[in-house]
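What the coordinates show
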Amino acid sequence: MDFNGRTALVTGSGAIGGLGHATARILAAGGADVIITGTDPGRGAQVVADVRAGATGSVRFVPADLADPEAVRRLAEDAGTVDILVNNAGVVPFGATAEQDLDAYDAAFAVNVRAPFLLVARLAPRMAAGRGGSIVNVSSTAAALGLPQMAVYGATKAALESLTRTWAAEFAASNVRVNAVAPGPMTTSKVVAVMGPDVGGMGLTTALRRAADPAEVAQVIAFLAGDQAGYVTGAVVAADGGRTAI
């Protein structure tokens, strides 16, 4: 996939071994100038060094706490005009509905829904004023399946999928495509640290009977971001090993 001459902003990419990191690597290897974001400059520097090793374009890190709307606005201004926006950053609150902490509830909607909304509101018009662009939102199988302990997370991702369809309709005339990818269980570094290398056995719930390597899902994101998916907009693509199919 060729991303030469494109600038890509990938949120939630500031940690080694995550989906954002894997996505940034593919975009940078394809020639994109990539903006990495996260809350920890030290970890962000590690990602930049890794991505830069295989990049043909520039790679830089911008610290941003996406729970803070002012920080989101500053990120949009720092990024300037981008051709590709990947809304990957997310928080995952676990908890039964009756016991859900309200601070965690608010944080989930702030990062998973409000931050993408603010970024699209600022960056999509700039794409539209130029040659167009591509926005890829990272959803989850939790948007379509009823999963215990994940009511809030699933609701945020369902909201993001609804926004995906609305934005696709809103910006189509300006050559800005908007799609979403809904991953299933993945062996990201964060998930493995909490649930172990078998991801708590969640891979066995899929048709393929395994969890995904983050790079496998990142390839789907990169495809939707690129010109090869030029006729695809408003889609939610399941990259879940067949989990929602069965």
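Residues numbered from 1 in each chain as written. Predicted model: local features only at pLDDT ≥ 70, side-chain atom pairs only at ≥ 80, totals over all residues. Heavy atoms only, no water.

The name an unreviewed UniProt entry gives the protein is SDR family oxidoreductase, with Actinomadura luzonensis as the organism. Listed in UniProt under the heading Sequence similarities (unreviewed entry), the comment for the protein reads: "Belongs to the short-chain dehydrogenases/reductases (SDR) family." (UniProt positions renumbered as here; feature names shortened; annotations may be inferred.)

At Asn175, a position not held by glycine, the phi torsion is positive, near 65°. In this fold, Asn175 is placed in the loop between helix H5 (151-171) and strand E6 (176-183). Here the phi dihedral of Arg209 falls at roughly 60°; this positive angle occurs in a residue that is not glycine. Along the chain, the position of Arg209 falls in the loop between helix H6 (189-195) and helix H7 (214-225). (Helix = DSSP H or I, 4+ residues; strand = E, 2+ residues; numbered from the N terminus.)

Checked against the element boundaries, Thr156 lands in helix H5. Those residues in contact with Thr156, other than ones at most four positions away along the chain, are Ala108, Phe109, Asn112 and Val113. (Contact = heavy atoms within 4.5 Å.)

Side-chain positions along a regular strand alternate between the two faces of the sheet. With burial as the criterion, each face of strand E4 (residues 84-87) is covered, one bearing Ile84 and Val86 and the other bearing Leu85 and Asn87. Alignment of strand E1 (residues 7-10) against E4, held across three bridges, turns out to be parallel. Paired with Leu9 across the two strands is Leu85, which belongs to E4. For E4 and strand E5 (residues 133-138), the ladder comprises four bridges, and the chain directions are parallel. Residue pairing across strands places Val86 opposite Val136, the latter belonging to E5. Once you follow E4 into helix H4 (residues 102-129) and on to E5, the crossover reads as right-handed. (Buried < 20%, exposed > 50% of the residue type's maximum accessible area, 1.4 Å probe, protein only. Pairing = 2+ DSSP bridges. Right-handed = clockwise from strand over helix to strand, strands pointing away.)

One open sheet holds the seven strands; their spatial order is E3-E2-E1-E4-E5-E6-E7, and the pairing between them is parallel. The open sheet is flanked by strand E3 (59-63) and strand E7 (236-239), the only strands paired with a single partner. Pairwise comparison of adjacent strand axes, ignoring direction, gives a mean angle of 20° for this sheet. Against the sheet, H5 makes contact with E5, E6 and E7, and its axis sits at roughly 160° relative to E6, the strand it touches most. Seen against the sheet, H7 touches E4, E5, E6 and E7 and runs at an angle of roughly 165° to E6. (Axes fitted to C-alpha atoms, helices over the stretch in contact; angles between N-to-C directions.)

Here the focus is the nonpolar core. If you look at the biggest cluster of nonpolar residues, it comprises 32 residues, and the most contacted ones within it are Leu27, Val34, Ile36, Val217 and Ile221. Apart from residues lying up to four places away in sequence, Leu27 is in contact with Phe3, Ala8, Val10, Ala32, Val34 and Ala222. With 28 residues, the next largest nonpolar core counts Val72, Val111, Leu123 and Ala168 among its residues. (Core = buried A, V, L, I, M, F, W, Y, C linked by side-chain atoms within 4.5 Å.)

Here we take up the pattern of salt bridges. Per the stated rule, a full pass over the model turns up eight salt bridges. One salt bridge connects Arg25 with Asp50, and the closest N-O pair in it is separated by 3.3 Å. Within this pair, whereas Arg25 is found in helix H1 (residues 19-29), its partner Asp50 is found in helix H2 (residues 41-53), the two being separated by 25 residues in sequence. Its salt-bridge partner being Arg73, residue Glu70 comes within 2.7 Å of it at the nearest N-O pair. (Salt bridge = Lys/Arg side-chain N within 4 Å of Asp/Glu carboxyl O.)

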